[in-house]
Protein chains: 2
Amino acid sequence: MKFSERVQEMQFSPIRRFNPMAIKAEESGKKVYHLNIGQPDVETPDCFMDAIRAYQAEVIKYAESGGITDLQDAVIDYYKLYGIDFERSDMIVTNGGSEALTMAFLTLVNPGEEVLLAEPFYTNYHTFLTSAGGKIVPITTKAEDGFSYATREQIEPLITDKTRVICCISPGNPTGNVLTLDEMRLICEIAKEHDLFVIADEVYREFAYDDREVTSFGMLPEYADRVIIIDSVSKRFSACGARIGLLLSKNKEFMSMAMKIAQARLCVSTVDQIGSAGLFKLPTSYYDEVKKEYCGRRDVVYEEMMKIPGVVCQKPGGSFYMTVKLPVENVEDFLVFLLEEFEDNGESVMFAPAEGFYATPGLGKDEIRIAYVLNQADMRRGAELIRLGIEAYNKKLGK
Amino acid sequence: MKFSERVQEMQFSPIRRFNPMAIKAEESGKKVYHLNIGQPDVETPDCFMDAIRAYQAEVIKYAESGGITDLQDAVIDYYKLYGIDFERSDMIVTNGGSEALTMAFLTLVNPGEEVLLAEPFYTNYHTFLTSAGGKIVPITTKAEDGFSYATREQIEPLITDKTRVICCISPGNPTGNVLTLDEMRLICEIAKEHDLFVIADEVYREFAYDDREVTSFGMLPEYADRVIIIDSVSKRFSACGARIGLLLSKNKEFMSMAMKIAQARLCVSTVDQIGSAGLFKLPTSYYDEVKKEYCGRRDVVYEEMMKIPGVVCQKPGGSFYMTVKLPVENVEDFLVFLLEEFEDNGESVMFAPAEGFYATPGLGKDEIRIAYVLNQADMRRGAELIRLGIEAYNKKLGK
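Residues numbered from 1 in each chain as written. Chains lettered and ligands numbered in written order. Predicted model: local features only at pLDDT ≥ 70, side-chain atom pairs only at ≥ 80, totals over all residues. Heavy atoms only, no water.

A.B. asks: Would you take a moment to explain the overall build of chain A for this structure?
C.D. replies: Counting secondary structure elements, chain A contains 13 helices and 12 strands. On C-alpha atoms alone, chain A measures out to a radius of gyration of 21 Å, which is about the 21 Å that the 2.2 N^0.38 rule sets for 399 residues. Its C-alpha atoms give chain A principal-axis dimensions of about 60 × 55 × 55 Å. The burial tally for chain A puts 65% of its 399 residues in the buried class. As displayed, chain A has an accessible area near 14000 Å², and 49% of this comes from carbon and sulfur atoms. (Helix = DSSP H or I, 4+ residues; strand = E, 2+ residues; numbered from the N terminus. Rg over C-alpha atoms; globule rule 2.2 N^0.38 Å. Buried < 20%, exposed > 50% of the residue type's maximum accessible area, 1.4 Å probe, protein only. Areas by Shrake-Rupley, 256 points an atom, 1.4 Å probe, with all protein chains shown as cover.)

A.B. asks: I tried to follow the packing of aromatic side chains on my own but got confused; where do I start?
C.D. replies: The geometry of an aromatic ring pair comes down to the distance between the two centres and the angle between the two planes. Inspection of every chain in the model, using the stated rule, returns 50 aromatic pairs over all chains. Ring centres of phenylalanine 207 of chain B and phenylalanine 320 of chain B lie 5.9 Å apart, and the angle between their planes is 35 degrees; on these two criteria the pair is classed as tilted. Remark: phenylalanine 320 of chain B occurs in the loop between helix 11 (284-305) and strand 9 (321-325) and phenylalanine 207 of chain B occurs in the loop between strand 6 (197-201) and strand 7 (227-232); sequence separation between them is 113 residues. For the pair shown, phenylalanine 207 of chain B and phenylalanine 320 of chain B are each scored as buried. Among the aromatic residues, ring-to-ring pairing joins Tyr78, Tyr79, Tyr82, Phe86, Phe237, Phe280, Tyr286 and Tyr287 of chain A into one connected group. Lysine 260 of chain A extends its terminal NZ or CZ atom over the ring of phenylalanine 12 of chain B, reaching a point 5.1 Å from the ring centre. (Phe/Tyr/Trp six-rings, centres within 6.5 Å; stacked < 30°, edge-to-face > 60°. Lys NZ or Arg CZ within 6 Å of the ring centre and 35° of its normal.)

A.B. asks: So what exactly am I meant to see when it comes to the sheet that holds strand 11 (residues 352-353) of chain B here?
C.D. replies: Pairing between the strands of a sheet comes from backbone hydrogen bonds, and it takes one of two forms, parallel or antiparallel. One open sheet holds the 3 strands; their spatial order is 9-12-11 (chain B), and the pairing between them is antiparallel. Looking at the sheet topology across the chains shown, the edges are occupied by strand 9 and strand 11 of chain B. (Pairing = 2+ DSSP bridges.)

A.B. asks: Help me out: how do you make sense of the relation of the copies chain B and chain A in this one?
C.D. replies: Superposing chain B onto chain A requires a rotation of 180 degrees together with a translation of 0.0 Å along the rotation axis, leaving an RMSD of 0.0 Å. Viewed as a symmetry operation, the transformation between the two copies matches a two-fold axis. Residue arginine 53 of chain B, judged by its C-alpha, is the member of chain B lying nearest the rotation axis, at 2.5 Å. Comparing interface residues between copies, 100% of those in chain B also sit at the interface in chain A, which points to an isologous, same-surface contact. (Least-squares fit on C-alpha atoms with pLDDT ≥ 70 in both. Contact = heavy atoms within 4.5 Å.)

A.B. asks: Where do I start with the interface of chain B and chain A in this structure?
C.D. replies: Accessible area lost on assembly of the parts is the figure often given for the size of an interface. Of the residues lining the interface, 79 residues belong to chain B; the matching set on chain A comes to 79 residues. Looking at the side of chain B facing chain A, the largest losses of area belong to Met1, Phe3 and Tyr62 of chain B, adding up to 12% of the total buried there. For the pair chain B and chain A, the interface holds 0 salt bridges. Inspection of the region where chain B meets chain A yields 45 residue pairs in polar contact (both at pLDDT 80 or more). Those elements that place two or more of their residues in the side of chain B that touches chain A are helix 1 (5-9), helix 3 (46-53), helix 5 (96-108), helix 6 (125-131), helix 9 (252-264) and helix 10 (270-280) of chain B. Of the residues forming the side of chain B that touches chain A, the biggest block, 8 residues, is contributed by helix 9 of chain B. Among the residues making up the side of chain B that touches chain A, the classes are represented as 35 nonpolar, 24 polar and 20 charged. (Buried area = accessible area lost by both parts, 1.4 Å probe. Salt bridge = Lys/Arg side-chain N within 4 Å of Asp/Glu carboxyl O. Polar contact = N/O pair within 3.5 Å; in protein donor to acceptor, adjacent residues only side chain to side chain. Nonpolar A, V, L, I, M, F, W, Y, C, P; charged D, E, K, R; others polar.)

A.B. asks: What exactly am I supposed to notice about the nonpolar core here?
C.D. replies: Within soluble globular proteins, side chains that are nonpolar tend to cluster in buried spots. Among the nonpolar cores identified, the biggest contains 297 residues, and Phe105 and Ile386 of chain A together with Phe105 and Ile386 of chain B are the most heavily contacted of them. Those residues in contact with phenylalanine 105 of chain A that lie beyond four places of it in its chain are Val115, Tyr125, Phe128, Leu129, Ala132, Cys167 and Ile199 of chain A together with Arg6 of chain B. (Core = buried A, V, L, I, M, F, W, Y, C linked by side-chain atoms within 4.5 Å.)

A.B. asks: Would you mind showing me how to read the pairing of strand 9 (residues 321-325) of chain A here?
C.D. replies: A regular strand carries its side chains on alternate faces of the sheet. Within strand 9 of chain A, 5 of the 5 residues are buried, which leaves it mostly tucked inside the rest of the structure. Neither face of strand 9 of chain A is open: one carries Tyr321, Thr323 and Lys325 of chain A, the other Met322 and Val324 of chain A, and all of them are buried.

A.B. asks: Could you clarify how one ought to interpret the side chain of arginine 369 of chain A in this entry?
C.D. replies: Residue and element names in this part refer to chain A. Among the secondary structure elements, arginine 369 is positioned in strand 12 (residues 367-371). This buried residue, arginine 369, is left without a salt bridge; aspartate 201 holds the nearest opposite charge, at 11 Å. A distance of 2.9 Å separates a polar atom in the side chain of arginine 369 from a polar atom in the side chain of asparagine 173. (Lys, Arg positive; Asp, Glu negative; His and termini not counted.)

A.B. asks: I'm lost on the confidence of the model for chain A in this one. Help?
C.D. replies: Detailed conclusions should not be drawn from predicted coordinates in areas where pLDDT is low. For chain A, the mean per-residue pLDDT works out to 96, and 100% of the residues sit at or above 70. Per the prediction output, this complex has pTM 0.96; the corresponding ipTM is 0.95. (pLDDT = per-residue confidence, 0-100.)

A.B. asks: What should I look at first to understand the sheet that holds strand 9 of chain A in this one?
C.D. replies: Residues and elements named next belong to chain A. Pairing in this open sheet of 3 strands is antiparallel, and the strands run 9-12-11 from one edge to the other. Edge positions in the sheet fall to strand 9 and strand 11 (352-353), since each of these pairs with one other strand and no more. Pairing of strand 11 with strand 12, which is carried by 2 bridges, proceeds in the antiparallel orientation. By the bridge assignment, proline 353 is partnered in strand 12 with isoleucine 368. Strands in contact with helix 11 (residues 284-305) are strand 9 and strand 12; relative to strand 9, the strand with the most contacts, it is inclined by about 5 degrees. (Axes fitted to C-alpha atoms, helices over the stretch in contact; angles between N-to-C directions.)

A.B. asks: I'm lost on empty space enclosed by the protein in this one. Help?
C.D. replies: Left-over empty space is what a probe sized like a water molecule reveals as it rolls over the atoms. Summed over all chains, the structure comprises 5 cavities of 30 Å³ or more. Of the voids in this model, the largest cavity is the one considered here, and its volume is about 460 Å³. Residue lining of the largest cavity: 27 residues in total, with Glu99 and Thr102 of chain A together with Glu99, Thr102 and Leu106 of chain B positioned closest to the centre. Sorting the residues of the lining of the largest cavity by element identifies helix 5 (96-108) and helix 6 (125-131) of chain A together with helix 5, helix 6 and helix 9 of chain B as the ones contributing at least two each. Considering only residue class, the lining of the largest cavity consists of 11 nonpolar, 10 polar and 6 charged. Lining the second largest cavity are 26 residues, and of these Tyr122, Tyr204 and Lys235 of chain A together with Tyr62 and Leu266 of chain B lie nearest its centre. Among the elements that take part in the lining of the second largest cavity, helix 5 of chain A stands out by supplying 4 residues, more than any other. Here the lining of the second largest cavity is composed, by residue class, of 11 nonpolar, 10 polar and 5 charged. (1 Å grid on protein atoms, 1.4 Å probe; cavity = no way out; pocket = protein on both sides within 12 Å on 5 of 7 lines; lining within 4 Å. Points joined across faces, edges and corners; volume = space filled by probe spheres on them.)

A.B. asks: Would you mind going over the packing of helix 11 of chain A against helix 13 (residues 376-396) of chain A with me for this structure?
C.D. replies: The relative placement of two packed helices comes down to the angle between their axes together with the axis-to-axis distance. Residue and element names in this part refer to chain A. The interhelical angle for the contact between helix 11 and helix 13, taken along N-to-C directions, is 20 degrees, at an axis separation of 9 Å. Here helix 11 lies roughly parallel to helix 13, going by the angle between them. For the crossing formed where helix 11 meets helix 13, the hand is right-handed. Contacts between helix 11 and helix 13 pair Gly296, Arg297, Val300, Val301, Glu303, Glu304 and Met305 from the former with Gln376, Met379, Arg380, Ala383, Glu384, Ile386 and Arg387 from the latter. Among the residues forming the contact of helix 11 with helix 13, the class breakdown is 6 nonpolar, 2 polar and 6 charged. (Parallel < 35°, antiparallel > 145°, perpendicular 65-115°, else oblique. Left-handed = near helix turned anticlockwise from the far one by under 90°.)

A.B. asks: Just checking my understanding: could you explain the side chain of glutamate 202 of chain A for this structure?
C.D. replies: All names here are of chain A. Locating glutamate 202 in the fold gives a position in the loop between strand 6 (197-201) and strand 7 (227-232). There is a polar contact of 2.7 Å between the side chain of glutamate 202 and the side chain of serine 216. Once you skip the residues sitting within four places of it in the chain, glutamate 202 turns out to touch Ser170, Met184, Thr215, Ser216, Phe217, Ile229, Ile230, Asp231 and Arg236.

A.B. asks: Help me out: how do you make sense of the state of the cysteines in this one?
C.D. replies: Defined simply, a disulfide is a covalent bond joining two cysteines at their sulfur atoms. All names here are of chain A. All chains considered together, the criterion is met by 0 disulfides over all chains. Cysteine 47 takes part in no disulfide bond, and the closest cysteine sulfur, belonging to cysteine 240, lies 15 Å away. For cysteine 168, which is in no disulfide, the shortest distance to another cysteine sulfur is to cysteine 167 and amounts to 7.1 Å. Among the residues examined, cysteine 168 registers a relative accessible area of 1% and is labelled buried. (Disulfide = S-S within 2.5 Å.)

A.B. asks: Looking at this structure, how should I read the environment of tyrosine 393 of chain B?
C.D. replies: One can find tyrosine 393 of chain B in helix 13 (residues 376-396). In this view, tyrosine 393 of chain B contacts Val328, Asn330, Asp333, Phe334 and Phe337 of chain B; residues no more than four positions away in its chain are not counted.

A.B. asks: Teacher, can you tell me more about the packing of helix 3 (residues 46-54) of chain A against helix 10 (residues 270-280) of chain A here?
C.D. replies: Residue and element names in this part refer to chain A. Look at helix 3 against helix 10: their axes get within 7 Å of each other, and the N-to-C directions meet at 135 degrees. When the interaxial angle is binned, helix 3 and helix 10 end up oblique. Helix-helix and strand crossings are classified by hand; for helix 3 and helix 10 the assignment is right-handed. On helix 10, the residues touching Cys47, Phe48, Ala51 and Ile52 of helix 3 are Val271, Asp272, Ile274, Gly275, Ser276, Gly278 and Leu279. Among the residues making up the contact of helix 3 with helix 10, the classes are represented as 7 nonpolar, 3 polar and 1 charged.

Shown next as structure tokens:
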């Protein structure tokens with residue numbers, strides 16, 4: 001029996017691929033520090049479950065396809081913090097940022113058309129775009145340059161008559177690269193010149209460190225008609241299991257088209273929407289606290305990484321990931337070594353090999369993504385285990 | 001700026017299209033009986049919110065992509081009631097039946113390929129299949145025949161070298177048609193002869209009335225490798241806002257392919273899964289009670305419909321819909337009349353015009369779908385208002 005070409009083309013999640021090996025290591029008694037997935041240990045604010053527990057209804061009914069008004073209004077107020085004006089009709093509440101991205105691609109991209117996206121990129125973009133029959137054209141970036149890509153020289157030569165969208169993940173997963181508002185403006189300017197849409201995945205918006213300001217493509221009203229924002233409660237509020245995302249745009253025609261897809265799938269979880277409305281009403285001090293926490297974790301990991309001779313990594317500006325070039329030829333082989341052979345005091349570590357985050361074959365073989373989602377002590381120990389692991393691995397290889 | 005061809009091809013929900021008119025009527029003080037959408041007034045069992053309220057977790061984490069094991073195990077036990085053996089790896093928990101259908105189409109259908117589906121059908125199939133670039137080839141059925149379609153003569157001539165799937169909604173939305181196990185066997189036999197998959201949408205499984213037994217394509221183990229079952233908590237447990245569906249199959253390769261899509265969108269709402277695990281553990285007496293309730297509602301509506309001269313409708317065997325041919329030329333025009341002009345003691349009624357449930361242009365213009373989702377007294381009054389409305393409408397037209 002035959003399956004569709006698209007599904008055969010799709011990958012199994014490269015982030016989850018080494019899980020069985022980790023489970024085996026853990027079953028044998030080894031403690032494994034999981035720096036491989038973006039599942040933070042930060043507590044979900046109580047208001048989420050409190051609002052759900054207080055919900056009284058005899059019938060758990062369909063919500064409106066665009067979302068419940070209480071959540072929509074909380075989102076509107078949240079965006080006002082950054083001077084961005086959205087109305088209810090500018091948003092569709094989605095099943096996580098994942099569904100928002102899928103809807104955007106289905107609405108904008110015909111089979112065979114192209115989307116520009118800086119590589120390395122969040123690997124599931126592959127699957128979302130393949131569902132729509134589209135193709136990622138990577139803007140290749142490098143660890144040596146801090147994975148920057150927002151220049152005319154890097155972007156413009158890749159635009160063809162098949163290009164429909166420039167996609168930007170900022171703050172970046174897996175790189176931690178944060179676009180400045182000037183860089184966002186340049187990208188919009190290029191998009192306008194070539195009549196493209198900009199899909200701005202800003203689910204890590206507040207996680208911009210040091211002297212960086214929070215930036216958003218929504219802060220550029222002069223380009224609002226071609227900007228589509230992807231948002232989510234998962235990371236900002238440490239509520240990954242809530243599956244509440246947002247598709248936002250001031251382009252009324254786009255929203256109307258996307259609403260056809262939203263109506264067909266009826267609506268998003270009523271209770272998760274009720275809980276999430278509370279999240280968006282949290283005081284801004286919440287963002288400050290969380291940002292401080294992640295920034296501290298980043299500093300610890302970066303410091304430990306810099307102790308490894310031959311490592312290449314610029315201090316990342318945001319999100320809770322960093323992509324690091326290691327002094328090993330094949331990080332997947334190294335990861336297997338860490339899980340199956342290595343231990344230090346009964347402990348080992350796991351990261352995401354970066355190859356799956358690249359569209360260009362052969363790139364990323366010596367790079368890893370670290371998610372700094374654990375507390376500082378655990379992050380320091382995890383990073384240390386990478387260093388100790390490299391020493392042991394090189395010894396084994398006779399280097 | 002251009003949008004994809006697929007999204008331009010998609011319809012706005014024909015079920016929700018007349019909502020603004022109804023809202024206007026209600027704002028003017030008219031009471032409108034909503035027989036137009038499948039949102040039951042039956043109470044969601046308390047165990048749903050009870051399980052969620054009892055859930056204690058510091059972090060609302062990502063669930064496994066295939067679903068939480070507590071829910072999976074409850075589903076396994078539920079299917080055992082009907083002698084159907086599923087394992088955890090045979091299922092993916094989805095964002096409602098909607099996502100399960102979308103995943104199935106994305107996995108099986110290439111652009112330009114065909115899916116057989118009896119018309120009238122649940123209208124959102126249009127959008128789900130269009131997302132995958134596929135095409136519905138309708139098996140046209142008639143009110144006069146009770147919308148039956150499970151014969152070799154009706155199905156086989158429609159099969160081409162582009163056909164990939166036979167889709168069956170049983171009990172049927174919008175027709176109420178229930179397939180017997182013999183009919184299911186025949187459909188599987190045809191599918192086998194032509195190497196097709198069967199997608200069985202059985203979200204109304206227990207709602208089979210009179211002397212009809214509960215049937216499922218899962219009861220035919222000899223065809224298990226080509227059967228894909230779509231399930232949902234929405235209707236069975238009156239929990240439409242819970243957005244918990246299921247994609248089930250014993251075909252390991254199919255499940256493995258579909259899992260690529262499931263992994264990319266990460267997972268389904270954690271709290272909704274926790275609540276739904278409780279639902280699947282309800283005693284079978286729950287199904288008996290709910291079935292009795294809906295069966296009583298059906299009887300009332302059918303009785304009232306039969307009072308209308310010229311109406312065509314066979315008593316439907318299941319689900320909570322019936323499709324009725326009215327003695328009016330254009331039911332959309334009639335619906336506008338009901339909402340804008342007609343009233344009886346300050347009351348009017350709303351149904352879903354059936355044209356949107358047909359793929360063949362021109363069909364269904366004189367048919368409506370009634371959802372018997374309200375209590376018996378309201379259903380009787382709603383049906384009566386249709387009858388009184390027809391009298392007034394014909395008078396207006398001078399008939």
